[in-house]
Amino acid sequence: MRLQGKVAIISGAASGMGAATARMFAREGAKVLIADVLDPQGTDIATSIGPAARYEHLDVTSEPDWAATVAAAQRHFGKLDILVNNAGISGSAEQDLYSTDAWNRIMGVNATGVFFGMKHAIPALKAAGGGSIVNLSSIAGIIGSEGIHMAYNASKAAVRLMTKSVAVQHARDGIRCNSVHPGVMPAMRTSGRTADPMVRAERMKVIPMRRPGEVDEVAYAVLFLASDESSYITGSEIHVDGGAIAI
Ligand SMILES: NC(=O)c1ccc[n+]([C@@H]2O[C@H](COP(=O)([O-])OP(=O)(O)OC[C@H]3O[C@@H](n4cnc5c(N)ncnc54)[C@H](O)[C@@H]3O)[C@@H](O)[C@H]2O)c1
């Protein structure tokens, strides 16, 4: 029960790593608000978890949605202790790597969405006496990637540095903020090139562990940073990448 008594919002928790994190948080004693644009999938996950979970519709690019989601956590579960900014879209499905529309879309979800999340959650975390923010970046926020729109790299790099900014500015409010950087994982719903088995096989050759990660391997890192076990860690980052950027 590593999150006993805690209340968390997880964006993008209707799928992939967000869903795995929601299940893990609930197993560890947290109350979890699953927030996504995929209403049927999100509702199913909340129902399968039981009374410890609720689903809320949240488009992370909408400030009114964020205000309503934070208010829902406080209304249903009494407070907010943890925000996991996990929602994201891939840059690997874009045909035109210089599309301005793709730049705006990817930056809107992956960077502005995280900014909005922190903007609206921080007052609630302060009201609860402090808390933990965990932002999902990527190794693509640290190194360049072939065949994906540069907005994916730029948005994930923005997440990495927004994390450090909030860590510094809110340390004395008792709010910690850290980022998690997955490497090659099960492909995102919006993946194009990175879902291609041939491309994945090529990428395995340069990963020291020679395998993709599993969703729970990321969720465990998020759990650690969300819990009080990481009480002296802020502005930091964990790479969950099988050693991919260690070489
Ligand atoms: N899968 C990978 O290889 C990988 C690697 C590194 C980092 N990441 C990052 O990890 C996070 C989770 O990725 P995943 O693999 O679970 O992907 P996924 O596609 O399975 O899940 C992403 C979730 O975000 C939601 N989402 C998208 N746009 C949204 C919006 N505007 N508002 C609210 N929710 C929205 C989707 O509906 C989906 O449920 C993302 O931020 C992603 O960029 C993924």
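Whatever comes next refers back to the structure up there.
Residues numbered from 1 in each chain as written. Predicted model: local features only at pLDDT ≥ 70, side-chain atom pairs only at ≥ 80, totals over all residues. Heavy atoms only, no water.

Student: Would you mind going over the nonpolar core with me for this structure?
Tutor: As a rule of thumb, nonpolar side chains are buried together in soluble globular proteins. Ile9, Trp66, Leu80, Leu83, Met118 and Ile133 are the most contacted members of the largest nonpolar core, which totals 35 residues. The set of elements that each furnish at least two residues to this core consists of β1 (7–11), β2 (31–36), α3 (63–77), α4 (100–127), α5 (150–170) and β6 (175–182). Broken down by element, the residue count for this core peaks at 12 residues, all from α4. Leave out the neighbours within four places in its chain, and Ile133 touches Leu83, Asn85, Met118, Ile122, Leu125, Val166, Ile175, Arg176, Cys177 and Asn178. Core analysis: the next-biggest nonpolar cluster, separate from the first, contains 32 residues, Ala19, Ala46, Tyr55 and Val218 among them. (Core = buried A, V, L, I, M, F, W, Y, C linked by side-chain atoms within 4.5 Å. Buried < 20%, exposed > 50% of the residue type's maximum accessible area, 1.4 Å probe, protein only. Helix = DSSP H or I, 4+ residues; strand = E, 2+ residues; numbered from the N terminus. Contact = heavy atoms within 4.5 Å.)

Student: Can you help me understand the packing of helix α1 (residues 16–27) against helix α2 (residues 39–49) in this one?
Tutor: α2 packs onto α1 with a crossing angle of 20° between their chain directions and a minimal axis gap of 10 Å. The angle between α1 and α2 falls in the class roughly parallel. Classified by chirality, the crossing of α2 by α1 is right-handed. Here Ala19, Ala22, Arg23 and Ala26 of α1 come into contact with α2, specifically with Ile45, Ser48 and Ile49. Class assignment of the residues belonging to the contact of α1 with α2 gives a composition of five nonpolar, one polar and one charged. (Axes fitted to C-alpha atoms, helices over the stretch in contact; angles between N-to-C directions. Parallel < 35°, antiparallel > 145°, perpendicular 65-115°, else oblique. Left-handed = near helix turned anticlockwise from the far one by under 90°. Nonpolar A, V, L, I, M, F, W, Y, C, P; charged D, E, K, R; others polar.)

Student: Explanation requested: the site of the ligand in the structure shown.
Tutor: As a structural note, the neighbourhood of the ligand is formed by 25 residues, with Ser15, Asp36, Asn86, Tyr152 and Arg189 the closest of them. The side chain of Asp59 places a nitrogen or oxygen atom 3.0 Å from a nitrogen atom of the ligand. Between Arg189 and the ligand, the recorded distance is 2.8 Å, taken from a backbone N or O atom to an oxygen atom. Calculation on the ligand without its partners gives an accessible area of 820 Å², and the protein chains cover 92% of this total. Put simply, the parts of the chain that give the shell around the ligand at least two residues each are α1 and α5. Looking at the shell around the ligand, its residues break down into 13 nonpolar, eight polar and four charged. (Near = heavy atom within 4 Å. Polar contact = N/O pair within 3.5 Å; in protein donor to acceptor, adjacent residues only side chain to side chain. Areas by Shrake-Rupley, 256 points an atom, 1.4 Å probe, with all protein chains shown as cover.)

Student: I'm lost on the pattern of salt bridges in this one. Help?
Tutor: The final tally for this structure, using the stated rule, is 11 salt bridges. When the shortest N-O distance is used, the salt bridge between Glu202 and Lys205 registers 2.7 Å. For Glu202, a relative accessible area of 47% translates into the label partly exposed. Since its relative accessible area comes to 52%, Lys205 is described here as exposed. Through salt bridges with shared partners, a single ionic network connects Glu94, Asp101 and Arg105. (Salt bridge = Lys/Arg side-chain N within 4 Å of Asp/Glu carboxyl O.)

Student: What exactly am I supposed to notice about unusual backbone geometry here?
Tutor: With the exception of glycine, most residues fall at negative phi, and the peptide bonds are largely trans. Even without glycine at this site, Arg210 takes up a positive phi of about 60°. Counting through the fold element by element, Arg210 comes out in the loop between α6 (197–204) and α7 (215–226). Here Arg210 falls in the exposed class, since its relative accessible area comes to 53%.

Student: Where do I start with the environment of Ser92 in this structure?
Tutor: Among the secondary structure elements, Ser92 is positioned in the loop between β4 (82–85) and α4. With a relative accessible area of 5%, Ser92 lands in the buried category. Along the backbone, Ser92 and Ala195 are 103 residues apart, and their C-alpha atoms lie at a distance of 8.6 Å. When sequence neighbours within four positions are dropped, the list of residues in contact with Ser92 reads Gly147, Ile148, Ser191, Gly192, Arg193 and Thr194. Polar side-chain contacts of Ser92 include one of 3.0 Å to the side chain of Thr194.

Student: Just to check I follow, could you spell out the side chain of Asn86 for this structure?
Tutor: In this fold, Asn86 is placed in the loop between β4 and α4. Since its relative accessible area comes to 14%, Asn86 is described here as buried. Excluding residues within four positions of it along the chain, Asn86 makes contact with Ile10, Ser11, Gly12, Ala13, Met17, Gly18 and Leu136.

Student: Sorry if this is basic, but what is going on with the packing of aromatic side chains here?
Tutor: Given two aromatic rings, one states the distance between the centres and the angle between the planes to describe the pair. A complete count under the given rule lists one aromatic pair for this structure. Ring geometry for Phe115 against Phe116: centres 5.8 Å apart, planes inclined by 45°, an arrangement best described as tilted. What makes Phe115 partly exposed here is its relative accessible area of 42%. Residue Phe116 is classed as buried on the basis of its relative accessible area, which comes to 12%. (Phe/Tyr/Trp six-rings, centres within 6.5 Å; stacked < 30°, edge-to-face > 60°.)

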